[in-house]
Amino acid sequence: MIKRLLLMSWLALCATGLRAELIIEITEGITDATSIAIVPFAWSGPRLPEDVATIVAADLHRSGQFAPLERSKMLSLPSRQDQVFYRDWQSKTNGAEYLVIGRLGRTDDGKYRVDYELFDVFQQRKVNSWFATGGDLRALAHHVSDVLYQELTGIRGAFSTKMLYVTMEYLQEPGAGPSKQRYRLYMADVDGHNDRILMESSEPILSPSWAPNGRHITYVSFKSTRPAIYIRDTKTGAEKQITNFRGLNGAPRFSPDGRQMAMVLSKDGNPEIYTMDLRSGKLRRITNHYAIDTEPTWAPDGQSLIFTSERGGSPQIYRQYLDSGKVERLTFEGSYNARPALTPDGRFLAMVHRNNGVFHIAVKDLVRGTFNVLTRTQLDESPSIAPNASMIIYATMENNRGVLAAVSLDGRVKVKLPSRVGNVREPAWSPYL
Amino acid sequence: MPMSNRNFLFALIAVFAISACSSTPEDTTADDTMAADTTTDYSSPDDDVSGGAMGGDYGAQQEMTDPALQERVVYFDFDKANIRPDAVATLQAHAQYLSENPGAQLRVEGHADERGTREYNMALGERRAKAVASFLAANGASASQLEIISYGEERPVALGHDEAAWSQNRRSELNYTAEAP
């Protein structure tokens, strides 16, 4: 694995002139990344607010699986097939395995239209061509990235998705008096752009996650001075409080069909996992153990809940089937495994794993039983998996500040999302939108 | 400056005040000011006067007298929620105060250090707050006087990412919401 800190994507993102709270750096990519040249898309008109080809290159680069050719190394800038000369792209230093060209235009109803083509330089053939229309250039660019990624890897791209995260700033130094904090819940594109504050509070906000519809979200807020679970419509901003029990009201997770919410309540004595029918508000108690049971997440088929429990003496991850009540322990590696997250196929289990007092993100293959520690950063927490299972976004600590980072499921690609504000934490990757 | 240092300072001042008071003559009469009388009583934990013969006036004087009552934070070991021996005197003083002041209301906060996951730490913080509340109840406080809340790792008092900071953050805070001593 080669350690590289490529400035390119950073500069490219800054060059757009748009404010983004998060800036993305690739800290580790794979050595055999596929080289690809994304030639600037032709456009005749006043200067555009966004450079589509740059955004596409940054997206593919961030996946770690592609090494986009720097623009300054391109020997020609074709935008039509008849301008493509393969020899321009076959050099060892200035070449690429794949070439993408495109043209931007306007539709009659004032939207943008992009026509783009993918070429295989080695085989000297056009692979495919597409077009798309849309009102927002960044969204259009992410769509192009999704299509190219799927064509080249066979896996659906997740560049058009969003994420939630929480920031916390100290308005007064801790310990110097009454706590003065500012919590903010953000929604942003997964590249950190288009960040928007959904809510702000002097009281803690935590555990945000998405409804399967990609529109509603749930989280815990202490704004009433006690923890309670809320659902918010990100389109309208409408918020609804769904719990107000004594004790813990935590770790809410929508079921895959969006009809139920798994959560942690301690109203009956100690932390137990419940499901709530969101239509009737009716609760069903799932766990019944004097140990801590928390951090439930649903299996993709909705038939079981995966959660953290210390019933075995230390926090480990368990599965409980909802119909039979049968419980199985899923992790045995070390003395601390918590905060489970499952890939959409239910095969891989990401978690927080403690090793020698240091907290890392680890993945267990539930079919083969293999266990892999993916990160080398410290105090890693809150893993959240992309809907295409390509990457896990998580929170970690850098220079005494909470930052977000991402790692591929195989651990080969590592990405850092340093923030300019406060402590960033609790990322939640949206479903496909 | 960590809060505990300040509290320690308060405690020092209180102790100083008490020792100054206890050197006053013993010939105070029952009609004398309660302040002088009770301060003397409280300088000695074994004093049988603390039985409560002075009724409702007790609370008002106790605030200036018992250094343990000025301490509003107790600490815990890593991943543990049992009451440590160094917390017992503080909690006994608060339990006694609560039993003697039925109007007093206490919010017991539980906190965790930053290690481990946030929701797990919420549960751990609650367990700590409950351990404190149970101790207070077992020592005379009424359950209706106690409210518990966990903040997990959300409200550290010490920044930093080492044991020095973590040991300050693994704590339970006693915050009176009515009739504070």
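Residues numbered from 1 in each chain as written. Chains lettered and ligands numbered in written order. Predicted model: local features only at pLDDT ≥ 70, side-chain atom pairs only at ≥ 80, totals over all residues. Heavy atoms only, no water.

(A) Molecular detail of the sheet that holds strand S15 (residues 249-254) of chain A. All names here are of chain A. Judged by pairing direction, the sheet is antiparallel, and its four strands sit side by side in the order S15-S16-S17-S18 without closing on themselves. Pairing within the sheet leaves two strands with one partner each, and these edge strands are S15 and strand S18 (283-285). For this sheet, the mean angle separating the axes of adjacent strands, direction not counted, is 25 degrees. Pairing of S15 with strand S16 (residues 260-265) involves four bridges; the strand directions are antiparallel. Along S16, the bridge assignment pairs arginine 253 with alanine 262. (Pairing = 2+ DSSP bridges. Helix = DSSP H or I, 4+ residues; strand = E, 2+ residues; numbered from the N terminus. Axes fitted to C-alpha atoms, helices over the stretch in contact; angles between N-to-C directions.)

(B) Representation of the packing of helix H5 (residues 85-100) of chain B against helix H6 (residues 118-138) of chain B. Residues and elements named next belong to chain B. Contact pair H5 / H6: the axes reach a minimum separation of 8 Å and the direction vectors enclose 55 degrees. Regarding the angle of H5 to H6, the classification is oblique. When you trace H5 past H6, the crossing you get is right-handed. Facing H5, whose interface residues are Val88, Leu91, Gln92, His94, Ala95 and Leu98, H6 presents Val132, Phe135 and Leu136. By residue class, the composition of the contact of H5 with H6 is seven nonpolar, two polar and no charged. (Parallel < 35°, antiparallel > 145°, perpendicular 65-115°, else oblique. Left-handed = near helix turned anticlockwise from the far one by under 90°. Contact = heavy atoms within 4.5 Å. Nonpolar A, V, L, I, M, F, W, Y, C, P; charged D, E, K, R; others polar.)

(C) Inspection of the packing of aromatic side chains at higher detail. Going through the model one piece at a time under the given rule, you end up with 12 aromatic pairs over all chains. Summarising the aromatic geometry, the rings of Tyr336(A) and Tyr120(B) are spaced 6.0 Å apart at their centres and angled 75 degrees between planes, so their arrangement reads as edge-to-face. With Tyr336(A) in the loop between strand S22 (327-329) and strand S23 (337-342) and Tyr120(B) in helix H6, this residue pair bridges two chains. Tyr120(B) shares its class with Tyr336(A); the two are buried. Aromatic rings pair up to connect Phe66(A), Tyr149(A) and Phe159(A) into one cluster. Here the guanidinium or amino end of Arg311(A) rests over the ring plane of Tyr318(A), the centre of that ring lying 5.5 Å away. If you follow Arg115(B) out to its NZ or CZ, it ends over the ring of Trp166(B), 3.9 Å from the centre. (Phe/Tyr/Trp six-rings, centres within 6.5 Å; stacked < 30°, edge-to-face > 60°. Buried < 20%, exposed > 50% of the residue type's maximum accessible area, 1.4 Å probe, protein only. Lys NZ or Arg CZ within 6 Å of the ring centre and 35° of its normal.)

(D) Up close: the interface of chain B and chain A. Listed by partner, the interface residues are 29 residues for chain B and 46 residues for chain A. Between chain B and chain A, a total of about 3100 Å² is buried, with carbon and sulfur atoms accounting for 54% of that surface. When the area that chain B buries against chain A is broken down by residue, the three leading residues are Arg118(B), Glu119(B) and Tyr120(B), summing to 23%. Across the contact surface, chain B and chain A share four salt bridges. A salt bridge links Glu381(A) to Arg118(B), with the shortest nitrogen-to-oxygen separation between them at 3.0 Å. At the junction of chain B with chain A, the criterion picks out 18 residue pairs in polar contact (both at pLDDT 80 or more). (Buried area = accessible area lost by both parts, 1.4 Å probe. Salt bridge = Lys/Arg side-chain N within 4 Å of Asp/Glu carboxyl O. Polar contact = N/O pair within 3.5 Å; in protein donor to acceptor, adjacent residues only side chain to side chain.)

(E) View of the domain arrangement of chain A. Domain annotation of chain A identifies domain 1 (2-26 + 161-429) and domain 2 (31-153). Inter-centroid distance (C-alpha atoms) of domain 1 of chain A to domain 2 of chain A is 34 Å. (Domains from an automatic or database assignment.)

(F) Highlighting the side chain of Arg425(A). Note on placement: Arg425(A) falls in strand S31 (residues 423-429). Residue classification places Arg425(A) among the buried residues on the basis of a relative accessible area of 9%. Among the polar contacts made by the side chain of Arg425(A), one reaches the side chain of Glu154(B) at a distance of 3.0 Å. The contact partners of Arg425(A), leaving out residues within four places of it in the chain, are Tyr165(A), Val166(A), Met168(A), Tyr183(A), Ala395(A), Leu404(A), Arg118(B) and Glu154(B).

(G) Main features of the nonpolar core. All names here are of chain A. Counting residues in hydrophobic clusters, the biggest one holds 46 residues, and the most contacted among them are Phe222, Ile242, Met263, Leu305 and Ile392. When sequence neighbours within four positions are dropped, the list of residues in contact with isoleucine 392 reads Ala350, Ile361, Val363, Leu374, Pro383, Ser384, Ile385, Ala405, Ala406, Val407 and Leu409. Within the second largest apolar cluster, 28 residues are counted, among which are Leu48, Ile55, Ala132 and Phe159. (Core = buried A, V, L, I, M, F, W, Y, C linked by side-chain atoms within 4.5 Å.)

(H) The packing of helix H2 (residues 52-62) of chain A against helix H3 (residues 137-153) of chain A, seen in detail. Residue and element names in this part refer to chain A. Two numbers describe how H2 lies on H3: the axes approach to 9 Å, and their chain directions differ by 45 degrees. Relative to H3, the element H2 lies oblique. H2 and H3 meet at a crossing whose hand is right-handed. Of the residues in H3, those touching H2 at Val52, Ile55, Val56, Asp59 and Leu60 are Leu137, Arg138, Ala141, His142, Val144, Ser145, Leu148 and Tyr149. Within the contact of H2 with H3, the residues separate by chemical class into nine nonpolar, two polar and two charged.

(I) Spatial organisation of the confidence of the model for chain B. In this model, chain B carries a mean pLDDT of 76, and residues with pLDDT of at least 70 account for 64%. Scored as a complex, the prediction yields pTM 0.85 and ipTM 0.90. (pLDDT = per-residue confidence, 0-100.)

(J) Molecular detail of the sheet that holds strand S3 (residues 146-152) of chain B. Residue and element names in this part refer to chain B. Spatially, four strands are ordered S1-S4-S2-S3 in an open sheet, and the strand pairing comes out mixed. The sheet terminates laterally at strand S1 (73-75) and S3, the two strands that pair on one side only. The average angle at which neighbouring strand axes cross in this sheet is 20 degrees, direction not considered. Two strands pair when backbone bridges link them, and strand S2 (residues 105-111) and strand S4 (residues 171-178) are joined in this way by six bridges, in the antiparallel orientation. Note on S4: the bridge partner recorded for valine 108 is leucine 174. Packing of H6 onto the sheet brings it into contact with S1, S2, S3 and S4, and relative to S3 it is tilted by some 155 degrees.

(K) Highlighting the pairing of S31(A). All names here are of chain A. Within S31, seven of the seven residues are buried, leaving the element largely enclosed by the surrounding structure. The pairing of strand S8 (residues 162-170) with S31 spans five bridges and is classified as antiparallel. Each residue of the ladder has a partner; that of valine 166, found in S31, is arginine 425.

(L) Highlighting the environment of Thr287(A). Residue and element names in this part refer to chain A. Relative to the assigned elements, threonine 287 resides in the loop between S18 and strand S19 (293-298). Once you skip the residues sitting within four places of it in the chain, threonine 287 turns out to touch Glu272, Ile273, Asp293, Phe307, Arg311 and Gln320. A distance of 2.6 Å separates polar atoms of two side chains, one belonging to threonine 287 and the other to glutamate 272.

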